[in-house]
Structures are given as C-alpha cells and as structure tokens.
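Listed below, chain by chain, are the residues.
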Amino acid sequence: MRLYSIAIILTLLGSWMTTSFAQDIASSLYPYIYTDVSTWPCVRLLNATGQIGCHVPNGAGGILYQIESQDEINNFVSKHGGSKQNYAAVIPYNLLTKLVVANIAALDSTKCISGLIVLLRASSMVPEASLSSPDTSCPNCRFGLYANDPDQYVWNPQGQGLIEENLPFPVFGLNPVDTVSKQVFNIVMRGVAFNLKKQYTDYPLQAIDFKLFMWAAIDSETCLRRGWCQVVGGTSVFSSPSRQIAADDGKKSIVLTASLDSRSLFHDLTNGVATSLSGLVALLTVAESLSRAPVSLELLPKHIVYTGFTAEAWGFAGSQRFVQDISAQFQCTNATRASVCPFLNAPCTFPCVRSMDFKRINIDNIDSLIEFNSVSGLNSNYSSYWAHVDDVDLTQSFVADLQKNNLTLPGQNSQNTIQAANQDGNQRKLPPSSAMSFLQKNRNIKTVVLTDFQKELGSYYNSDMDDKVDLDLMSQSICGLADATAKTVFLKAQEGASTIIPAETITANCTLVSSLLDCLASNFSCPMMKNYFNVSSVGRLSHYTSVFSFVNPQPQLLSRFVFTFLGDVTGTRRNNSDLGPSGCSTMQDCISGEYCIRKQCVSTMTAYHDAYGTGLTYNESTGKVSVTDPTKGTWTESTWDTPTMRVFLVTSTKHQVIELVVGVLWTLISIAVVIFGRSFLKKTFKTD
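Residues numbered from 1 in each chain as written. Predicted model: local features only at pLDDT ≥ 70, side-chain atom pairs only at ≥ 80, totals over all residues. Heavy atoms only, no water.

## Digging into the pairing of strand 8 (residues 205-211)
For clarity, the cut-off: Buried, partly exposed and exposed residues are distinguished by accessible area as a fraction of the type maximum, computed with a 1.4 Å probe on protein chains only: under 20%, between the cut-offs, and over 50%, respectively. Comment: elements are numbered from the N terminus, with helices defined as DSSP H or I runs of at least four residues and strands as E runs of at least two. In this analysis, strands are considered paired if DSSP registers two or more bridges between them.
Among the seven residues that make up strand 8, six are buried, leaving the element largely enclosed by the rest of the structure. In the sheet, strand 4 (residues 60-66) pairs with strand 8 via four bridges, with the strands oriented antiparallel. Looking at strand 8, one finds that I63 is bridged to A207. With seven bridges connecting them, strand 8 and strand 26 (residues 644-650) associate as antiparallel partners. Following the sheet pairing, Q206 is matched in strand 26 by L649.

## Observations regarding the packing of aromatic side chains
Convention followed: In this analysis, rings of Phe, Tyr and Trp, with Trp reduced to its six-membered ring, are considered paired at centre separations within 6.5 Å, and the interplanar angle assigns stacked below 30 degrees, edge-to-face beyond 60, and tilted for intermediate values. Two thresholds decide whether a charge sits over a ring: the Lys NZ or Arg CZ must be within 6 Å of the ring centre and within 35 degrees of the ring normal.
In total, this model carries 26 aromatic pairs according to the counting rule given. By way of ring pairs, the aromatic residues Y65, F76, Y87 and Y200 are connected into one cluster. Taking NZ or CZ as reference, R263 lies 4.0 Å from the ring centre of W314, over its face. Sitting over the ring of Y612, R321 keeps its end group 3.8 Å from the ring centre.

## A word on the sheet that holds strand 4
Test applied: Between N-to-C directions, angles cover 0 to 180 degrees, with each direction set by a line fitted to C-alpha atoms, over the stretch in contact for helices. Here a residue-residue contact requires only that any non-hydrogen atoms of the pair lie within 4.5 Å.
Taking strand neighbours across the sheet as the criterion, the seven strands line up as 1-26-8-4-5-6-7 in an open arrangement whose pairing is mixed. Every other strand in the sheet has two partners, leaving strand 1 (34-37) and strand 7 (171-174) as the edge strands with one partner each. Across the sheet, the mean angle from the axis of one strand to that of its neighbour is 30°, orientation sign disregarded. Its contacts with the sheet put helix 5 (residues 179-197) on strand 1, strand 4, strand 5 (87-92), strand 6 (113-119), strand 7, strand 8 and strand 26, and the angle it makes with strand 4 is roughly 75°.

## A look at the confidence of the model for the protein
Here is the rule we go by: What pLDDT reports is the predictor's confidence in each residue, on a scale of 0 through 100.
Summing up the model confidence of the protein, the mean pLDDT is 88 and the portion of residues at 70 or higher is 89%. Below a pLDDT of 50 lies the segment residues 10-23, which in the model reaches zero contacts outside its immediate sequence neighbourhood of four places, other chains included.

## With respect to the nonpolar core
To keep things clear, this is the line we draw: Joining through side-chain atoms within 4.5 Å is the link that ties buried Ala, Val, Leu, Ile, Met, Phe, Trp, Tyr and Cys residues into a set, and such a set is a nonpolar core.
Membership of the largest hydrophobic core comes to 71 residues, with the highest contact counts inside it found for L290, F372, L450 and F561. Of all the elements, helix 7 (residues 273-291) adds the most residues to this core, at 11 residues. Membership of the second largest hydrophobic core comes to 58 residues, among which are L64, F76, A88 and M214.

## Description of unusual backbone geometry
In the segment running from Y203 into P204, the intervening peptide bond is cis, with an omega of 0°. Mapped onto the elements of the fold, P204 is located in the loop between helix 5 and strand 8. In this chain, F350 is followed by P351 through a cis amide linkage whose omega measures 0°. Tracing the chain through its elements places P351 in the loop between strand 12 (348-349) and strand 13 (352-353). At Q199, a position not held by glycine, the phi torsion is positive, near 55°.

See the structure below:
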C-alpha cells in the first residue's frame with residue numbers, strides 16, 4: 001500500500017512537472033508564434049438613450065484580407081457570404097465613411113467578418129475630395145439652441161453618422177505617423193501582401209485576432225449604476241486680464257471662446273486640426289496680441305474674458321456646465337463627502353471646488369461674445385471667413401466692426417475677408433457652437449461665431465482624417481483672422497472711454513500661430529512647449545476629451561497648456577522684492593494665489609472648470625453619478641479590458657481538423673497507457 005501511495009505521488013509530481021514544462025514551452029514559443037501589436041480601437045460610449053461604438057464579447061480573429069474599393073467590397077460579399085472561414089478586412093478610411101451603413105451591413109451579412117482594420121493613410125486612398133464627415137447630419141443639434149425648432153438648419157448634409165453607429169464588430173484604426181504606428185502598419189501590410197500573393201487559399205496564411213471587451217451596455221443610467229463606465233469630460237479653462245473682475249462691479253464683459261478638444265471614431269487618433277484646434281490657436285493668438293496693448297486691459301471700460309471649453313462635441317458639456325454654474329446660486333455647506341475633496345486649500349469642500357473664480361463672471365453682464373469655430377481656412381480655400389449670428393438686428397453692427405478691422409497682413413492672400421454668413425439672404429442662424437450655451441441663458445448677448453464655411457461644416461468635421469491641411473496656409477489665414485478680431489475686441493473694450501487708442505497698435509504674432517499649430521498638431525514636446533512645463537517624448541497629442549474623475553480630477557495636457565499660456569499672457573509677474581524672489585521652479589516657490597509660469601511667480605485670474613454633461617449629477621454624499629436630465633448631455637465611456645491585436649500564421653481548416661484528430665488519438669493513447677500502467681503497478685506491487 002505504501003508503494004502504491006508513492007507511485008501516486010510520483011505520478012502527480014510528474015503531471016505537475018509536465019504542466020509547468022508545457023507552460024514554459026508555451027511562454028518561450030509565444031513570440032515565435034504571435035506578434036503583438038499596439039492598438040488604436042473604436043470603443044463603446046453610452047448616453048441616456050443607448051450605446052454606440054465597438055465591442056466584441058469574446059476574442060475574434062480572421063485571415064488578413066485587403067479590400068481597396070467599393071467593387072472589392074461587393075465582390076467579397078458575393079463570394080464569401082456564408083463562408084466558414086473568418087476574415088479581418090483591411091480597408092481604407094474612405095470606404096468606412098462612404099455609404100457607411102450600407103457597407104457595414106453588407107460586410108456583416110456575410111457572417112465571416114471578425115473585425116476591421118481601417119487605414120487612415122494608404123496608397124489606395126481615393127481623392128480626399130470624396131470623403132464625407134463621419135458625424136451626423138446635424139451634430140449636437142438635439143442639445144443646442146434650436147433643439148425644439150421644427151425647421152432647424154442641417155449643417156452637415158453629407159454626414160455619414162458613423163461615429164453615432166453601434167458597430168457589429170471590432171474596428172481598429174491605423175495611422176502611420178510615428179515610429180510605433182509605422183511598425184504596426186508595416187506588420188499588417190506585410191501580412192496582407194503575404195496573403196495576397198497566396199491568393200488567400202494557399203495555407204498557411206497570416207491572420208490576426210482581436211480582443212475588445214467592453215464592460216458597459218444598454219445606456220448611461222445602467223452602466224453608471226453597475227459601475228462599468230466613466231463620465232466623458234475633463235477640465236475647461238477661463239481667464240481674464242481683469243484680475244479684480246467681480247460679478248457685481250457693473251462692468252460689461254466681452255467673451256472670446258473656442259473648443260479645446262475634438263471627436264472622431266478612433267479616440268486615440270483624434271487630431272481635430274480644422275474642426276477645433278484652428279479655433280483654439282486663434283483664441284490664444286488674440287489673447288497674446290491683446291497682452292501687448294499699450295494700456296492695461298484691466299483699466300478699460302469692459303472686461304475681456306477668454307474661455308476654452310472641454311467636451312463640446314459631447315452635448316456642449318463644457319460650455320453648458322460653465323454657464324449653468326455661473327448662473328446658479330452657489331451654496332457651500334462643507335458637509336461630509338463620500339471621498340476627501342482632493343484640492344489643496346479648497347475654498348469649499350461640499351461641493352468640492354478648486355476655485356470660486358467662476359462666480360466672478362456674471363452672465364447678465366456679458367455684452368458680446370465671439371467664438372472661433374472651425375477657422376482653419378480649409379473650407380474656403382484659405383480666402384474667406386464667415387460671421388454667423390443668431391439675431392441679425394442685434395448683431396449687425398458687431399459684424400460690421402469685425403469687417404472694418406479685416407486688414408490683410410503682409411504676405412497673405414489679399415482676398416482674406418470676413419463676410420456675413422447671411423449675405424445670400426438665407427439666415428441659417430448659428431452652427432453647432434459653444435455660443436449656444438450662453439444664448440440659452442441670455443438671448444441678448446451680441447454673438448458672432450466665426451467659421452471658414454458658410455453653409456456646410458465640411459468633410460473633415462470630426463473626422464479621423466482631420467489633420468490633412470496645409471499648415472503654412474492655415475497659419476497665414478488664422479493670423480489674419482486673429483489680427484482683425486484682436487483689433488475689434490480692443491476697440492469694443494474701450495467703448496465709453498474718454499480717449500480711444502487706435503486699433504493699429506494691436507497686431508497678431510504670425511510666428512506664434514505657426515508654433516502653436518506645429519506643437520498642438522504634431523509635436524507636443526516642441527521647444528515652445530518646454531517653456532511652459534516639463535514635457536518630453538510626447539509627439540502627436542490625442543485631442544479626444546477623455547474621461548472625468550470625481551475622486552481626483554486632473555487636467556489633461558492640453559488643458560494644462562492652455563491654462564499656463566493664458567495665465568502667462570493675462571497675469572502679472574511679481575516684482576516686489578519684499579515678498580521674496582520672483583523666480584520659481586515649482587508652485588511651492590510662490591506665495592498663495594500665485595502660479596509658477598515660465599519660472600516666474602505670476603498672479604492671474606485664470607482657472608479650471610469641471611466639464612461633463614449637464615444631464616448628469618454627482619452626489620457628493622454617496623460618490624455616485626446618475627442621469628438626471630436625459631435631454632442634456634449624458635455621455636459616458638465604457639470601462640474595458642486592455643484591447644489587443646496579435647498577428648500569427650494560421651493553417652487551413654483541413655489541417656486543423658487533422659491536428660484535432662491526432663490530438664484526440666494521442667489523448668486516448670495516454671489514457672490507455674495510464675490504465676495499463678495502473679494495472680501493471682497493482683500486479684507488480686501486489687496491492688489491493
């Protein structure tokens with residue numbers, strides 16, 4: 001009996017050693033079998049009414065299969081419909097946006113497409129003029145100023161609605177613009193070329209598998225209750241050169257605004273150069289131009305306020321949250337919270353806020369507003385800008401003032417002009433814009449939204465391809481617009497003054513425009529950026545909004561830069577030696593209320609502001625977020641397991657069947673050997 005027990009122990013030990021050895025072999029062989037590649041996935045988002053984006057409940061994979069044209073999609077559908085072999089289609093971006101619903105439905109009908117790899121740059125790309133915006137025909141219109149208008153103008157008639165689709169399979173983007181993405185692109189294209197040479201029939205073939213599991217489902221209310229999603233949002237920035245601005249000081253304000261981020265199907269690839277970045281660059285350029293005015297802007301009869309809003313593509317979340325907060329009564333109770341207020345020296349811990357400066361902005365004191373929307377010049381051949389207004393009679397003189405100061409800078413296209421968008425007799429009112437949030441509270445604000453389009457948003461609106469612009473022409477065009485706007489704002493801010501300083505004293509810095517475009521579009525670690533904070537190894541920055549944390553809200557890199565830049569051009573550097581050295585390395589080197597900007601202690605009326613959908617409410621007592629108004633922004637992003645892609649060689653189905661049969665036979669033989677061995681041991685050691 002003792003020998004029999006020893007035999008069992010030896011058998012178990014051998015089994016464990018075999019398993020461990022097999023695992024070691026698997027780990028050792030993995031890099032020879034699979035090639036893991038970085039991913040840029042389409043992910044799942046949710047709102048009060050449903051879900052959009054991409055998800056795959058289990059791992060999916062298939063043979064790499066290249067499709068380059070509409071005819072090839074049609075041929076694939078007719079040839080492979082009902083096929084038992086799975087394929088991962090590699091297609092150019094234009095096939096995803098052109099006839100998007102029909103193409104996706106057709107590919108899905110074959111039941112053999114396991115996923116898509118979408119190339120944003122490929123030799124097979126059709127002329128860019130044939131591209132269409134992937135956004136809806138009227139983006140954000142259900143959250144805007146005219147949501148209840150029966151004849152609301154359609155600003156994006158060619159919009160495909162791709163980014164609002166709930167896609168039936170995983171979709172990954174591929175844009176070879178840096179070292180990592182170029183490596184992945186080369187691996188995928190080598191696999192495609194390998195299979196194409198074998199005509200997709202001569203096995204083994206190159207295959208790829210995907211993992212893209214999204215935890216959230218149904219809608220925002222459901223996923224928030226289950227804890228499987230996070231709120232889409234971030235931090236907006238507002239600033240004023242009037243450091244003593246107060247809600248009750250009786251002075252009118254001029255607000256200049258732009259969006260900080262953008263949107264596209266593949267969030268990590270979002271660039272938004274024409275859609276939103278152009279407007280942000282114009283705003284920052286105007287702020288810098290006015291900072292060089294021959295008189296302190298604080299002393300002018302009107303305040304100037306700069307605002308950069310986050311998450312505007314998601315139900316105008318940033319601007320609506322800001323307007324709601326500056327308009328509502330603020331009650332600080334400092335009651336007990338579910339989690340500690342994360343802000344050091346917070347002026348109020350319940351509700352937890354990092355600054356009370358937003359209460360110094362009075363919505364009723366806002367006299368006029370200028371928004372820089374899509375102003376790259378791309379949609380007007382870099383020659384014209386259009387001024388859109390809500391109320392023609394109220395704003396006509398404001399537009400005329402902009403046109404008076406529309407001077408052409410040296411070296412610019414002499415045709416660069418600002419025109420009234422309704423000059424053709426059609427009053428389309430405002431395109432989707434942050435300005436709508438202000439007008440929803442105060443319709444008497446003289447509002448102008450500046451764009452490079454008159455009638456339609458353009459094919460690059462919220463597109464993953466929104467980086468294909470001529471940055472030199474764009475820079476010249478934006479500089480001219482910023483110059484005209486800065487002059488106009490300077491004159492408007494002097495209204496009521498006894499002496500008017502000529503607008504010619506204000507000029508835009510075109511070199512700054514070029515630097516901002518280069519840094520924010522393609523190289524965030526540029527020399528100019530390093531003047532503001534320590535940043536390295538950050539190339540092309542994603543301009544996607546990201547998600548908002550209520551426990552520890554931290555501004556994204558772009559918001560941090562905008563805060564620092566505006567703080568620099570609107571603030572005052574300390575020059576009083578009695579307060580200590582004005583130089584600094586960190587904020588701790590400065591006194592309370594100052595910021596360390598460009599190694600100088602600066603006093604500024606610049607602040608962050610939370611940005612997330614106003615249809616969502618955070619309960620600070622419980623730490624829970626809930627949907628409280630489904631008619632407003634309620635966007636959330638699913639949590640997920642880490643998305644993966646890996647490339648490997650796959651054998652034919654016949655070969656796999658043979659391998660399975662051999663494996664089954666080997667298992668049966670092993671079982672027989674164990675049974676025989678047990679019987680042999682019983683007889684040998686004479687055990688019962």
